[in-house]
Amino acid sequence: SHDVPPTARNSSGQTISLWHRLAESTNEERNRTDSSSLQNTAQSKTPFDVAVIGAGIAGMSTAYRLQKSGKRVCLIERENFGSGETGRTTAQFATSIDDRYFEIESKFGKKVSQLVARSQLDSIRLTEQWIKDEGISCQAKRVPGYLFLSPTDHPSILEKEFEAAKTAGLPVRMVSPVVTSLNTELSSEHSSEHSSEHSSKLSSELNSKQWLEFPDQLSLQPLAYLKGLLSGFLKAGGSFLPHSAVDTVTWSGDEATLHCSKHISDSSELHAHAVVTATNSPFIDRLEMHTKQAAYRTYVVTFEIKNGAIPDAFYWDTQDDYHYVRLHQVGEQTLLIVGGEDHKTGQSEDPEKSWANLEEWTRKHFPEVGKVTDRWSGQVLEPSDFLTFAGRNPLDHKNSFIITGDSGNGMTNATIGAQIVSDLILGHDNPFVELYAPNRKATATDPGRSKAGLNRPQQ
Ligand SMILES: Cc1cc2nc3c(=O)[nH]c(=O)nc-3n(C[C@H](O)[C@H](O)[C@H](O)COP(=O)(O)OP(=O)(O)OC[C@H]3O[C@@H](n4cnc5c(N)ncnc54)[C@H](O)[C@@H]3O)c2cc1C
């Protein structure tokens, strides 16, 4: 067996997220994320029922669910749990989707938008259930989420999304803004950009100060959540192999051999009857999935802010490359976490400029903020047709599964993905299998709106 190193770390040379810094720096946070005390029982001689590759939220949730359902599971991770994007996330578990319900409805119809909404609701409920079942201490709480108008958008966009989200079955409502500095700024910006007749119409619409509220979103500390799931997985008899990268997977009949670099006990091979690749970008895929999604870099800056200065909530603007905002409490200190400035990976990489833009935007819209505490970046994969991918890996063995295409809702999507793949392996029905099937066509019919449409990333 292998000891699990004390903390979840990210790769050297990359930016350090708030969560990774906290895991390194304070006792309280270290206790939340230190997994060295967890018993680990890796055995590689007999084939596992399932090998799960990657210990981010997708792989961890899959391994946890399957082991709890009686399968013998091995979870293999190149570094440590939370080393990838789940250690860089802002962890907003949201029913609001960044690609908008009205887009989904116009592209696929009402039934699909209802299914998408239901999958997001189910995902949040399931996450909360697991937190309760395992007694995970990860600062989980329900908060409202607010979508507000960006100066680049027409006010009707909020009304459209309100109608579409309601039709999709979500308990949304239009409310007065809860942070007034946001609307004052937006009104004046908007007025300066338009003709006087147009601007007076827009100003009056903006003055009605309507925001779209998505109630009961879920906020948590992502590394603490992952540690809690890992603990439950190990207690149920699961095997965790950190610091073991899977290089290739080959199939002989119904048995897969996973070839690993670094090492697994005394062997560099591991055998399993089913393989779940949850490495965010599926390394086993050479073509199929990479043509259906595009990689985006996204940036985060965190600021000190006075306790109670703004209500504890998620905030998003309507911009295509939108800003996403939440609060987080570290001891006595409240932090405002602000993300945005997305661009295609490999294009116009200038992190200093992206962070500076984010800081400028934040100081303008949330003048209450104090000094900057952390800055980092990460990557998200945007599927061409806005829907995540989870299920059987196309053109592969029938027991090879993938979870990818996270998009801006990666935390909920990965949790849904873990459910879909687990249900397929367990032979249970799942209402979302077809919706998120990786072998679907996934064409972008509206490349203007679709982030992953034309203009593939330079990777
Ligand atoms: C800055 C940022 C903010 C975000 N904010 C939000 C948000 O507020 N809400 C939301 O819903 N989503 C958000 N997302 C998206 C969300 O965080 C991700 O979709 C999610 O964390 C992806 O989880 P994952 O398990 O698929 O991938 P990862 O967490 O990246 O896990 C994959 C793991 O696989 C391991 N691995 C890779 N290759 C191998 C190999 N060959 N062998 C073994 N292991 C391997 C990696 O080390 C990694 O640990 C955000 C993303 C970023 C970058």
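### Structural notes on the overall build of the protein chain
- When helices and strands are counted, the protein chain shows 11 helices and 17 strands.
- Taking all 459 residues of the protein chain together, 59% fall into the buried category.
- Of all intrachain contacts in the protein chain linking residues separated by at least 6 positions in sequence, the fraction that spans at least 24 positions is 76%.
- Summing over all exposed atoms, the protein chain offers an accessible surface of approximately 17900 Å²; the carbon and sulfur share of this is 49%.

### Remarks on the packing of helix α4 (residues 101-108) against helix α6 (residues 156-167)
- The contact between α4 and α6 brings their axes to 7 Å, and the two run at 65°. Residue-level inspection shows Tyr101, Phe102 and Glu105 of α4 in contact with α6, the latter providing Ile157, Lys160, Glu161, Ala164, Ala165 and Thr167.
- Grouping the constituent residues of the contact of α4 with α6 by class yields 5 nonpolar, 1 polar and 3 charged.

### Looking at the site of the ligand
- Looking at the ligand, there are 35 residues lining it, with Glu77, Thr86, Thr90, Asp406 and Met411 nearest.
- Within the backbone of Gly84, one N or O atom sits 3.5 Å away from an oxygen atom of the ligand.
- One of the backbone N or O atoms of Met411 is found 2.8 Å from an oxygen atom in the ligand.
- Contact with the protein chains hides 96% of the accessible area of the ligand, taken as 1000 Å² for the molecule alone.

### Some words on the packing of helix α5 (residues 110-134) against helix α11 (residues 410-426)
- Running from N to C, α5 and α11 cross one another at 80°; their axes reach a closest spacing of 9 Å. With respect to their mutual orientation, α5 and α11 come out roughly perpendicular. Judged by residue contacts, Ser119, Gln120, Ser123, Ile124, Leu126, Thr127 and Trp130 of α5 engage Met411, Thr412, Asn413, Thr415, Ile416 and Gln419 from α11.
- Residue classes in the contact of α5 with α11 are distributed as 5 nonpolar, 8 polar and no charged.

Rules used in this analysis
- Residues numbered from 1 in each chain as written.
- Predicted model: local features only at pLDDT ≥ 70, side-chain atom pairs only at ≥ 80, totals over all residues.
- Heavy atoms only, no water.
- Helix = DSSP H or I, 4+ residues; strand = E, 2+ residues; numbered from the N terminus.
- Buried < 20%, exposed > 50% of the residue type's maximum accessible area, 1.4 Å probe, protein only.
- Contact = heavy atoms within 4.5 Å.
- Areas by Shrake-Rupley, 256 points an atom, 1.4 Å probe, with all protein chains shown as cover.
- Axes fitted to C-alpha atoms, helices over the stretch in contact; angles between N-to-C directions.
- Nonpolar A, V, L, I, M, F, W, Y, C, P; charged D, E, K, R; others polar.
- Near = heavy atom within 4 Å.
- Polar contact = N/O pair within 3.5 Å; in protein donor to acceptor, adjacent residues only side chain to side chain.
- Parallel < 35°, antiparallel > 145°, perpendicular 65-115°, else oblique.

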